[in-house]
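Secondary and tertiary structure notes
Read off the chains here:
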2 protein chains.
Amino acid sequence: MKVLIIGAAGMIGRKLAERIAADGMLGGVAVDRLTMVDVVEPTAPRGTIGDVRTAAIDVSSPRATEPLIADRPDVVFHLAAIVSGEAEADFDKGYRINLDGTRDLFEAIRAEHLRSGYTPRVVFASSIAVFGAPFDARVPEDFAPTPLTSYGTQKAIGELLLADYTRRGFLDGVGLRLPTICVRPGAPNKAASGFFSNILREPMSGKEAVLPVADTVRHYFASPRAAVGFFLHAATMDTARIGPRRNLNMPGLSATVGDELEALRAVAGDGALALVKRVPDETIIRIVDGWAPDIEAARARELGFTVEDSFEEIVRAHIEDELGGAVRS
Amino acid sequence: MKVLIIGAAGMIGRKLAERIAADGMLGGVAVDRLTMVDVVEPTAPRGTIGDVRTAAIDVSSPRATEPLIADRPDVVFHLAAIVSGEAEADFDKGYRINLDGTRDLFEAIRAEHLRSGYTPRVVFASSIAVFGAPFDARVPEDFAPTPLTSYGTQKAIGELLLADYTRRGFLDGVGLRLPTICVRPGAPNKAASGFFSNILREPMSGKEAVLPVADTVRHYFASPRAAVGFFLHAATMDTARIGPRRNLNMPGLSATVGDELEALRAVAGDGALALVKRVPDETIIRIVDGWAPDIEAARARELGFTVEDSFEEIVRAHIEDELGGAVRS
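Residues numbered from 1 in each chain as written. Chains lettered and ligands numbered in written order. Predicted model: local features only at pLDDT ≥ 70, side-chain atom pairs only at ≥ 80, totals over all residues. Heavy atoms only, no water.

1. Digging into the overall build of chain A
Threshold: Each helix is a run of DSSP H or I of at least 4 residues and each strand a run of E of at least 2, with the numbering of both proceeding from the N terminus. Throughout, radius of gyration means the C-alpha value; the globule benchmark is 2.2 Å times the number of residues raised to the power 0.38. Each residue is placed in one exposure class: buried if its accessible area under a 1.4 Å probe, protein chains only, is under 20% of its type's maximum, exposed if it is over 50%, and partly exposed if it falls in between. Here a residue-residue contact requires only that any non-hydrogen atoms of the pair lie within 4.5 Å. Only the protein chains shown count as cover for residues, with accessible areas throughout obtained via the Shrake-Rupley method and a probe of 1.4 Å. Counted as positive: Lys and Arg. Counted as negative: Asp and Glu, with His and the chain ends omitted from the count. Working definition for charges: the position is that of NZ of Lys, CZ of Arg, CG of Asp or CD of Glu.
Within chain A, the regular secondary structure consists of 11 helices and 14 strands. The C-alpha atoms of chain A give 19 Å as radius of gyration, which agrees with the globular expectation for 329 residues (20 Å, within 12%). Here chain A holds 329 residues, and 57% of them are scored as buried. Pairs at least 24 residues apart make up 77% of the contacts formed inside chain A by residues separated by at least 6 positions. Within the structure as shown, chain A displays about 12900 Å² of accessible surface, and the carbon and sulfur contribution to it stands at 49%. Charged side chains in chain A number 37 positive and 45 negative. The centres of these two groups are separated by 3 Å.

2. Some words on the domain arrangement of chain A
All names here are of chain A. Here is the rule: Note that the domain bounds were set by an automatic or database domain assignment. Here's the idea: put two parts together, see how much 1.4 Å probe accessible area each one loses, and the total over both is what we call buried area. By definition here, a salt bridge exists when the distance from a side-chain nitrogen of Lys or Arg to a carboxyl oxygen of Asp or Glu is within 4 Å. Polar contacts here mean pairs of N or O atoms no more than 3.5 Å apart (in protein, one a potential hydrogen donor and the other a potential acceptor; neighbouring residues in sequence count only if both atoms are side-chain atoms).
Structurally, chain A comprises domain 1 (2-178 + 223-249) and domain 2 (179-222 + 252-293 + 308-329). Relative to domain 2, the C-alpha centre of domain 1 lies at a distance of 26 Å. Between domain 1 and domain 2, the contact holds 18 residues from the first and 20 residues from the second. Overall, the association of domain 1 and domain 2 removes approximately 1400 Å² of surface from exposure, summing both partners, and the carbon and sulfur fraction of that is 64%. Sorting the residues of domain 1 by area buried against domain 2 places Ile128, Ser223 and Arg225 first, and these three jointly supply 38% of that buried surface. Remark: the boundary between domain 1 and domain 2 carries 3 salt bridges. In this structure, Glu320 engages Arg225 in a salt bridge whose closest nitrogen and oxygen atoms are separated by 2.8 Å. Along the contact surface separating domain 1 from domain 2 lie 4 residue pairs in polar contact (both at pLDDT 80 or more). Secondary structure elements with two or more residues in the side of domain 1 that touches domain 2: helix H1 (11-23), strand S8 (172-178) and helix H7 (224-236).

3. Re the relation of the copies chain A and chain B
Applying a rotation about an axis and a shift along it to one chain copy brings it onto the other copy. Note the cut-off: Least-squares fitting of one copy onto the other uses the C-alpha atoms of those residues that reach a pLDDT of at least 70 in both copies.
Under the fitted operation, chain A is carried onto chain B by 0.0 Å of movement along the axis and a turn of 180°, and the coordinates agree to an RMSD of 0.0 Å. Overall, the copies show the geometry of a two-fold rotation axis. Proximity to the rotation axis, assessed at the C-alpha, singles out A:Ala144 in chain A; its C-alpha lies 1.8 Å from the axis. An overlap of 100% is found between the interface residues of chain A and their copies at the interface of chain B, pointing to a shared contact surface.

4. Comments concerning the interface of chain A and chain B
As a reminder, the rule being used: The residue classification treats Ala, Val, Leu, Ile, Met, Phe, Trp, Tyr, Cys and Pro as nonpolar and Asp, Glu, Lys and Arg as charged. All others, Gly included, are polar.
Counting residues at the interface gives 35 residues for chain A and 35 residues for chain B. For the pair chain A and chain B, the two sides together bury roughly 2900 Å², of which 54% comes from carbon and sulfur. Looking only at chain A, the three residues that lose the most surface to chain B are A:Phe91, A:Leu160 and A:Arg245, adding up to 23% of its buried area. Applying the counting rule to chain A against chain B returns 8 salt bridges. The residue A:Arg168 makes a salt bridge to B:Glu88 at a minimum N-O spacing of 3.5 Å. Linking chain A with chain B are 28 residue pairs in polar contact (both at pLDDT 80 or more). For the side of chain A that touches chain B, the secondary-structure elements that each account for two or more residues are helix H3 (84-89), helix H4 (91-116) and helix H5 (150-167) of chain A. Looking at which element gives the most residues to the side of chain A that touches chain B, the answer is H5(A), with 9 residues. By residue class, the composition of the side of chain A that touches chain B is 19 nonpolar, 5 polar and 11 charged.

5. Description of the packing of helix H6 (residues 194-204) of chain A against helix H8 (residues 257-273) of chain A
Residue and element names in this part refer to chain A. The test is simple: Axis lines are fitted through C-alpha atoms, for helices just across the contact stretch, and the angle between N-to-C directions can take any value from 0 to 180 degrees. Throughout this description, any angle smaller than 35 degrees is read as roughly parallel, any larger than 145 degrees as roughly antiparallel, any in the 65 to 115 degree range as roughly perpendicular, and the remainder as oblique.
Viewed as axis vectors pointing N to C, H6 and H8 meet at an angle of 5°, and their least axial separation amounts to 10 Å. Relative to H8, the element H6 is oriented roughly parallel. Here H6 contributes Phe195, Phe196, Ile199, Leu200, Pro203 and Met204 to the contact with H8, which in turn contributes Val257, Glu260, Leu261, Leu264, Ala268 and Ala272. Looking at the contact of H6 with H8 residue by residue, the class counts come to 11 nonpolar, no polar and 1 charged.

If you want it as structure tokens, here you go:
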């Protein structure tokens, strides 16, 4: 089996590649070629796959993905995107990468399909950013995507294309509306959602973190480990069970900032908790106010997608996967 | 005021142009230039507008609409599209006209906006084809567009673009999800929905018509006259009242084929009714089974959009607008 990961230098793409390389297989079938591309050349992970290829590819340049598809990978993971803030700051770049890059990929697959009958499984990283306020406390399963960012718009368009290309038989697509990923490893970034991870990750390494919103703020989360699980399941499941609505709300944990802090205290103690500094930020408060506190994902759960049940579980996954099993604080 | 109609040779575009030309104004403001374009050159309507321009433009050729936007029309009606059946038969052509043509238009407007601050009202013809089964007996207001045709997909993408370009301030957009238009004037066409009009229009002219589905089939309708009213209202209303969700389910009449036949009988008599021949067609039965029987449109009604209350009203509008006030049978 040949596997292609587009966006393999990103946080989830990298972890997904590491997991597939470590397993050496996908859905019980040996992976004999793993191709990893991103705008910067990804790092090949350790593992048992004989043929791991890495390359720097700019998906926004026309036909960039054609040579990758000519190799006829059985599974294509498409995670390449510029993030919300950048897509908002640079309108053209956001549409070029997040919309045109996705459409070009699907077109390359269609061209190969028309040539040879090739119909790969395509797993598309979408986002709960397709949903825009106002909405109820819990966004229903079939709620309209009415994004309030260009990024969310581009993801919603990618979903529509994925569903139509699937319906027409050109590919076999599954779109995953990912919850906010927490705890994100690595350095704090400028994303408005960054604090959700910062207030856990930094204190667990003995560092201070800023909390810009109230403890009562509720949002919808999954760990990086759960996200990797979503992609693996989507790549190997029986898609006939999904029906025509191929874009699925992924299960997530609906929790408050207070729940996060309680989990931090339980796992890392009062010392860690004391490293969280409350510095209200009106801009971030306003942005986060437009995010979904909870999202119905009964369909995905029925289809076998799973996620953490508590923030303590999310924190413990971070400690196991990123901190070698122990907290430093 | 300058008005541009793209898709002015189509049935609704033509009627919209005729109405604006007859009124000589839009929203109480004199129209001093009306530009009408389509893939075939539209016919200039009679009226009091001094400057009526017509041209053949292929919106699918890149930058085709740039010269039109350089004229800075205050209101842009965008109705150009290829229909459902053709978009399904010719995948490339559907995406080129319905998606790329729409995006090119919005990009031309954005470019002019960035140059000069130009921010026109843009009224976009979308369709209830954005909704795909399964759904409840009445599609709720905020139900997810999950189209089951490429045409519906392209319209749903156009809606997302319209909303994002509006949010970013490049244009002031209103998207109208049009019900099935009935009674369509002119000759019977091959659209799967054609019979809804044929069974009224043909008998009223003394001709036979084929009914391929059961009398109990329920669907969602508006007359051509009501549709023109939607466009005029969207062009002149206070869009600040709409909020960020700029794509609106238009009000429609939820009615059965039996309701249609009863209206035909009431208006044109038993002789006309006898011209309707029942010839079940499994293909059409299956297609129509995926269409919405009713759609919630409370938001649009609150915003002042109106439609017929009965099929008799729809039939009488047809007799007034198309038959010179009298039935021929």
